[in-house]
Amino acid sequence: MAYQTIIVEIEDYVALIRLNRPEALNALNSQLMRELGEALTEADRNEKVRCIVLTGSEKAFAAGADIKEMSTKNFVDVYTENLFGDEIERITATRKPIIAAVSGYTLGGGCELAMACDFIICADNAKFGQPEINLGVMAGIGGTQRLTRFVGKSKSMEMHLTGRFMDAVEAERAGLVSRIVPASKLLPEVMAVARKIAEKSQIAVVAAKEAVNRAYETTLSEGLLFERRNFQALFATEDQKEGMAAFLEKREPQFRDK
Ligand SMILES: CCCCCCCCCCCCC/C=C/C(=O)SCCNC(=O)CCNC(=O)[C@H](O)C(C)(C)COP(=O)(O)OP(=O)(O)OC[C@H]1O[C@@H](n2cnc3c(N)ncnc32)[C@H](O)[C@@H]1OP(=O)(O)O
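Quick caveat, the model's predicted, so the values are computed rather than measured.

Remarks on the site of the ligand
In step 1: Close to the ligand lie 31 residues, the nearest being A63, A65, I67, F84 and G109.
In step 2: In the model, an oxygen atom of the ligand is placed 2.8 Å from a nitrogen or oxygen of the A65 main chain.
In step 3: Take G109: an N or O atom from its main chain is 2.8 Å from an oxygen atom of the ligand.
In step 4: Isolated, the ligand exposes 1,300 Å² of accessible area, and the fraction of that covered by the protein chains is 73%.
In step 5: Where the shell around the ligand is concerned, the elements lending two or more residues are α1 (30-45), α2 (67-70), α4 (85-92), β6 (105-107) and α5 (109-116).
In step 6: Looking at the shell around the ligand element by element, the count peaks at four residues for α4.
In step 7: Of the residues that constitute the shell around the ligand, the class distribution is 18 nonpolar, five polar and eight charged.

Rendered as structure tokens:
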């Protein structure tokens with residue numbers, strides 16, 4: 001499918017989706033969000049895709065929602081069209097794992113987009129922030145909820161109320177990102193991680209992803225029950241038999257959908 005604001009490449013069972021509005025630091029306008037939604041729906045359906053990587057440019061993952069596009073909207077506009085609400089659900093509804101490979105500016109909706117992915121690996125030049133307050137607005141698709149759960153109330157509150165940025169070191173220390181890599185090595189490193197996930201049992205990958213994400217959605221006891229059922233259910237799969245037999249026979253597993 002031909003897109004204008006994103007580039008999609010599929011190789012080694014990994015779909016690499018690159019935000020591609022360099023002239024606006026990948027600001028998230030309605031066309032980009034529509035195209036990204038279509039690409040994610042297609043990747044989730046495509047048997048040749050087992051892991052998804054979402055990235056931007058070295059200078060910016062995404063500098064936020066598109067201010068030019070928002071500047072003329074009013075309450076009735078954004079309320080009736082549920083501005084951005086449906087789009088972000090498209091990210092969290094994607095069943096396959098999505099890794100955000102983040103460098104440069106990751107601000108506002110761009111930070112919210114990265115946080116809605118399953119995990120973030122960032123470059124040493126990454127700058128995270130929720131600077132919407134400078135524009136007379138606030139985060140609108142998860143920034144106050146996910147950032148607070150990921151880094152804690154004080155840091156999140158300071159960032160939302162002052163609009164200050166957080167660099168890669170602070171982000172890793174706070175638990176917002178999994179790891180930091182040199183900007184020049186970000187994509188090779190994240191693609192290697194994605195290929196490693198693509199080699200695993202896909203049914204176990206999806207079950208584990210759902211359980212980890214559930215940890216932020218529910219109580220500990222409910223989460224433990226969900227985890228236990230997913231663990232037990234995997235004993236009904238061929239991959240569990242193949243994975244454990246391969247270990248005992250000292251060979252590489254050949255999971256079902258290889
Ligand atoms: C399945 C789809 C899922 C999608 C789900 C995601 C939905 C996302 C939307 C969610 C919305 C919820 C609420 C969130 C709101 C926001 O995000 S508000 C915006 C928050 N961001 C900002 O306030 C950052 C604004 N930008 C800057 O402060 C600076 O640009 C910078 C990042 C500090 C970089 O400065 P500098 O290096 O000096 O570059 P500039 O000259 O400023 O910028 C270069 C050009 O890029 C344009 N631009 C930058 N940011 C934006 C933006 N957010 N919107 C539109 N355009 C932007 C900038 O105007 C420059 O363009 P030109 O003037 O034409 O050169």
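Let's pick the thread back up.
Looking at the sheet that holds strand β8 (residues 127-129)
In step 1: With respect to topology, four strands assemble into an open sheet ordered β4-β6-β8-β9, the strand pairing being mixed. The outermost strands of the open sheet, each flanked by one partner alone, are β4 (60-62) and β9 (165-167). The mean inter-strand angle of the sheet, taken between neighbouring strand axes irrespective of direction, is 20°.
In step 2: Summarising the sheet, β4 and β6 pair through two bridges and their orientation is parallel. Of the residues in β6, the one forming a bridge with A60 is Y105.

What counts, and where the lines are drawn
- Residues numbered from 1 in each chain as written.
- Predicted model: local features only at pLDDT ≥ 70, side-chain atom pairs only at ≥ 80, totals over all residues.
- Heavy atoms only, no water.
- Near = heavy atom within 4 Å.
- Polar contact = N/O pair within 3.5 Å; in protein donor to acceptor, adjacent residues only side chain to side chain.
- Areas by Shrake-Rupley, 256 points an atom, 1.4 Å probe, with all protein chains shown as cover.
- Helix = DSSP H or I, 4+ residues; strand = E, 2+ residues; numbered from the N terminus.
- Nonpolar A, V, L, I, M, F, W, Y, C, P; charged D, E, K, R; others polar.
- Pairing = 2+ DSSP bridges.
- Axes fitted to C-alpha atoms, helices over the stretch in contact; angles between N-to-C directions.

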